[in-house]
Amino acid sequence: METVLKIQALKGFKDILPGEVELWKYVEDTARDVFQRFNFSEIRLPILEKTELFARSIGEATDIVEKEMYTFVDKQVTMRPEATASLLRAYIEHGLYVQKPVQRLFTIGPMFRHERPQKGRLRQFHQMDIEILGSGNPLVDAELMAMAAMLFSELGISVSLELNSLGCPQCRPAYRVQLLSFIKDRLDALCEDCKRRSSTNPMRVLDCKKSNCREQVEQAPSILEHLCDDCKTHFTGVQSGLQQLNVDYSLNKFMVRGLDYYCRTTFEFTTTDLGSQSAVCAGGRYDGLIEKLGGPKKGPGIGFAIGIERLVLLLLQQEKVFAEGSDLDLFVIGLGEKGEQLSYGLVHEMRKQRRSVAMDHEGRSLKSQMKQANKADAKYVLIIGDNEIERGKGVLKNMVTQQQQDVKLESSALVEAVSS
RNA sequence: GUGAAUGUAGCUCAGUAGGUUAGAGCAUCUGGUUGUGGCCCAGAAGGUCGGGAGUUCGAUCCUCCUCAUUCACCCCA
């Protein structure tokens, strides 16, 4: 017996259908425009990289590397779960830091993580990834956040900015010891997940959602009070930059990052409209990562990623609808064999002359084709039947005003007639 | 990896306390006009009721298994 294969996209992989694509383009166009104003250059990167690149940058012990990567084990390559590592690899590989000491780069594309899908979370998802490489100035941190805020504001969606500092290799270890001893004292009161977290990633306990854990952690030592002088100065600088640029933010001393490479500044733009996924945009500073990957010594860097699916969901949810005009200039109706023949060539000529033109090839009735033209939102319809061929003039109808006129059956005359 | 909910037409959903040919709205197609769209009217097409097994004279409905989807946990954009 023949089994019929049910053809279906993979779990967590989604088609973006015509109709929705327009929204995506709007989002990407708006973003490119904003990034360009801030003097960023686009870079396009491969989707596959050596597995080692991600293991080393994201961190061996992270969930992403441990269990979420799509890896071709035999070839030691992995489909990127995020873009920063790839972008840094390209930056180092091509010595971009030589040409320009500070590089401002962004890339847009699909990322892959093998997680259980849910609202705002897919296995193939899309991110815009923005990075400033080679500057450790806190004003750059603030500028980057201000740029994201500008993008959200121009898209018309409301999100809030949360800010934290994670310290650096100088001050974090000492803080970590303090935090661990604090947690150890109330381990019994914490949930199972937090007990596990206390050994894998103690800072995660700080942002557990369970109310009981939150109460326990209320009085936990804050990293912000344990920053070293350099980190403190940097953090102050970031905040005064935000104030100068009029960017609203709130401090969240419990905010943690999932990727190992972050230090100092971290931030998230969050919303309550995405179910349990609150982050639309997240990022931070990663001084030291560039060097770790073989780049210039002490090369500083900061960047963030925006989840495009989440952005699109927000736009749909917050009902930011925008009118999409017709982009079909003309629908040509060729009646009968001769009419269709003549139309076929005319349509092609007009397309060469940069008009968007459609016609039907199924031999349908005039009425049926008028309906099609209407549905396609064509600005004009041209009717070519036996009478018109004889006279050498077609009937051109303006679909909005309903006015009809005779036009010579020549592409240049037609192009002019539909261009008014 | 864990838990819960849901699978009936292309889409959104009714429905049967188990009983002949399973319904609606939208969308599609045809017609109402020798060659004129939107509105309206008429008609047509479209379903192995997710799949398999079981109970039963009889299952879309009950039971079990399985697959899929969604939401949530974990984690994250």
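Residues numbered from 1 in each chain as written. Chains lettered and ligands numbered in written order. Predicted model: local features only at pLDDT ≥ 70, side-chain atom pairs only at ≥ 80, totals over all residues. Heavy atoms only, no water.

S.K.: How should the packing of aromatic side chains be read in this particular structure?
M.R.: Where two aromatic rings form a pair, the distance of their centres and the angle of their planes describe that pair. Scanning all chains against the criterion turns up nine aromatic pairs. Ring centres of Phe13 and Phe112 lie 6.4 Å apart, and the angle between their planes is 35 degrees; on these two criteria the pair is classed as tilted. Of this pair, Phe13 sits in the segment before helix H1 (20-37) while Phe112 sits in strand S5 (residues 103-112); the two residues are 99 residues apart in sequence, bridging distant segments of the chain. One exposure class covers both Phe13 and Phe112, and it is buried. When the ring of Tyr261 is compared with that of Tyr286, the centres are 5.7 Å apart and the planes differ by 75 degrees; the resulting orientation is edge-to-face. Of the two residues, Tyr261 is situated in the loop between strand S8 (250-251) and strand S9 (263-270) and Tyr286 in the loop between strand S10 (279-285) and helix H11 (289-292); the sequence distance between them amounts to 25 residues. We note that Tyr261, like Tyr286, is buried. Put simply, the rings of Phe152, Phe267, Phe269 and Phe304 pair up and form one aromatic cluster. (Phe/Tyr/Trp six-rings, centres within 6.5 Å; stacked < 30°, edge-to-face > 60°. Helix = DSSP H or I, 4+ residues; strand = E, 2+ residues; numbered from the N terminus. Buried < 20%, exposed > 50% of the residue type's maximum accessible area, 1.4 Å probe, protein only.)

S.K.: Looking at this model, I keep getting lost on the side chain of Glu49. Mind explaining?
M.R.: Within the secondary structure, Glu49 sits in strand S2 (residues 48-50). One polar contact links Glu49 to Ser86, side chain to side chain, over a distance of 3.5 Å. Once you skip the residues sitting within four places of it in the chain, Glu49 turns out to touch Phe54, Gln76, Val77, Thr78, Ser86 and Arg89. (Polar contact = N/O pair within 3.5 Å; in protein donor to acceptor, adjacent residues only side chain to side chain. Contact = heavy atoms within 4.5 Å.)

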